[in-house]
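The residues making up each chain are set out below.
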Amino acid sequence: MEAYFNSLPPAVRVFIDRSGADISTPGELMLIGEHFRNSFGYTERDKK
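S.K.: What is the right way to look at the overall build of the chain in this model?
M.R.: The secondary structure content of the chain amounts to three helices and zero strands. Mapped in sequence order, the helices and strands of the chain form the string α-α-α. When burial is assessed residue by residue, the chain has 23% of its 48 residues classed as buried. Surface summary for the chain: the accessible area is close to 3500 Å², and the carbon and sulfur share equals 56%.

Next up, the structure:
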């Protein structure tokens, strides 16, 4: 889970951290991470 979280754009990581969401599985983190990545307009090439 940590590796995936660290692969998210910084703005997405900050948003998740500040949200206080109780994320307990890798699947939950991926759903939330991809939702916010798309909401913020990040693309596949922005994954670094």
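The rest of the description comes next.
S.K.: Honestly, helix α3 (residues 26–39) in this entry has me stumped. Any pointers?
M.R.: For an α-helix the count is 3.6 residues per turn, leaving residues at separations of three or four pointing the same way. Under the 1.5 Å per step criterion, the end-to-end length of α3 is 20 Å for 14 residues, consistent within 8% with the ideal 20 Å. Those residues of α3 that are buried lie in contact with α1 (2–7) and α2 (10–19). The positive-phi residue at the C-terminal boundary of α3 is glycine 41, with phi of around 85°.

S.K.: How should the confidence of the model for the chain be read in this particular structure?
M.R.: Close inspection of predicted coordinates is inappropriate in any region flagged by low pLDDT. Averaged over all residues, the pLDDT of the chain equals 88, while 88% of them reach at least 70. When mean pLDDT is taken per element in the chain, α1 scores highest with 95 and α3 scores lowest with 92.

S.K.: Got a minute to help me understand the nonpolar core in this structure?
M.R.: Generally speaking, soluble globular proteins have nonpolar side chains that are buried together. Of all hydrophobic cores here, the largest spans eight residues; its members are Tyr4, Phe5, Leu8, Val12, Ile16, Ile23, Leu29 and Phe36. When neighbours within four sequence positions are excluded, phenylalanine 5 is seen to be in contact with Arg13, Ile16, Asp17 and Leu29.

S.K.: Please explain the pattern of salt bridges as it appears in this structure.
M.R.: Where charged atoms from two side chains of opposite charge approach closely, those side chains can pair. Evaluation of the coordinates by the stated rule reveals one salt bridge. Between arginine 37 and glutamate 34 there is a salt bridge, with the nearest N and O atoms lying 3.3 Å from each other. Here the residue arginine 37 and the residue glutamate 34 both occupy positions in helix α3, the gap between them amounting to three residues, near one helical turn. Arginine 37 gets classed as buried once you look at its relative accessible area, which sits at 2%.

S.K.: What should I look at first to understand the environment of phenylalanine 40 in this one?
M.R.: Take phenylalanine 40: it is sitting in the segment after α3. When its relative accessible area of 36% is taken as the criterion, phenylalanine 40 is described as partly exposed. It is 8.4 Å that separates the C-alpha atoms of phenylalanine 40 and alanine 11, two residues lying 29 residues apart in sequence.

Thresholds, definitions, all that
Throughout, residues of each chain are indexed from 1 in the direction in which the sequence is written. Note on the predicted model: pLDDT of at least 70 is required for a residue's local features to be given, and 80 or more for side-chain atom pairs to be given and counted; whole-chain, interface and lining totals, by contrast, use all residues. Remark: hydrogens and water are excluded; side-chain values derive from all non-hydrogen atoms of the structure. In this text, helices come from DSSP runs of H or I with a minimum length of four residues, and strands from runs of E with a minimum of two, each type numbered from the N-terminal end. Here the term buried applies to any residue with accessible area under 20% of the maximum for its type, exposed to any over 50%, and partly exposed to those in between, with areas from a 1.4 Å probe on protein chains only. Residue burial considers only the protein chains on display, and all accessible areas are found by Shrake-Rupley using a 1.4 Å probe. Between the first and last residue of a helix there are one fewer steps than residues, each counted as 1.5 Å, and that sum is the expected span. Throughout, a contact is declared for two residues whenever any of their heavy atoms are within 4.5 Å. pLDDT measures the predictor's confidence residue by residue and takes values from 0 up to 100. Among buried residues, those of type Ala, Val, Leu, Ile, Met, Phe, Trp, Tyr and Cys that are joined through side-chain atoms within 4.5 Å constitute a nonpolar core. We define a salt bridge as a contact between a side-chain nitrogen of Lys or Arg and a carboxyl oxygen of Asp or Glu at a distance within 4 Å.

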